[in-house]
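# Fold and geometry: a report
Letter by letter, the chains look like this.
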Amino acid sequence: MEGFIVFDYTKRYPEARKELAQWLSEGKLQRKETIIRGGLVKAPQALVDLYDGVNTGKLLVEVCPEDGLARANL
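These figures come from a predicted structure and were not determined experimentally.

## Notes on the environment of Ala-21
The residue Ala-21 is located in helix H1 (residues 13-26) in this model. For the pair Ala-21 and Cys-64, spaced 43 residues apart in sequence, the C-alpha separation works out to 25 Å.

## Let's talk about the pairing of strand S2 (residues 58-61)
In the sheet, strand S1 (residues 33-36) pairs with S2 via four bridges, with the strands oriented parallel. Residue pairing for S2: Thr-34 is matched across the bridge by Leu-59. Crossover handedness for the path S1 to helix H2 (residues 43-52) to S2: right-handed.

Criteria and cut-off values
- Residues numbered from 1 in each chain as written.
- Predicted model: local features only at pLDDT ≥ 70, side-chain atom pairs only at ≥ 80, totals over all residues.
- Heavy atoms only, no water.
- Helix = DSSP H or I, 4+ residues; strand = E, 2+ residues; numbered from the N terminus.
- Pairing = 2+ DSSP bridges.
- Right-handed = clockwise from strand over helix to strand, strands pointing away.

This is the structure:
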């Protein structure tokens, strides 16, 4: 087995990003994530779940539903 250091390839990040995004849109790559819905009130239990290994892939806490009215004023 041989590994590599990702920082040795920083000049190729834009190329990789483009290719990975294409693969995601084509379904060649699939991301795995567990989304905890219910706002920040669910965050403490989500942390417990994280350490218990309940999640698959990334564990995310939804702060506001995607169709919610809260928007950042930037």
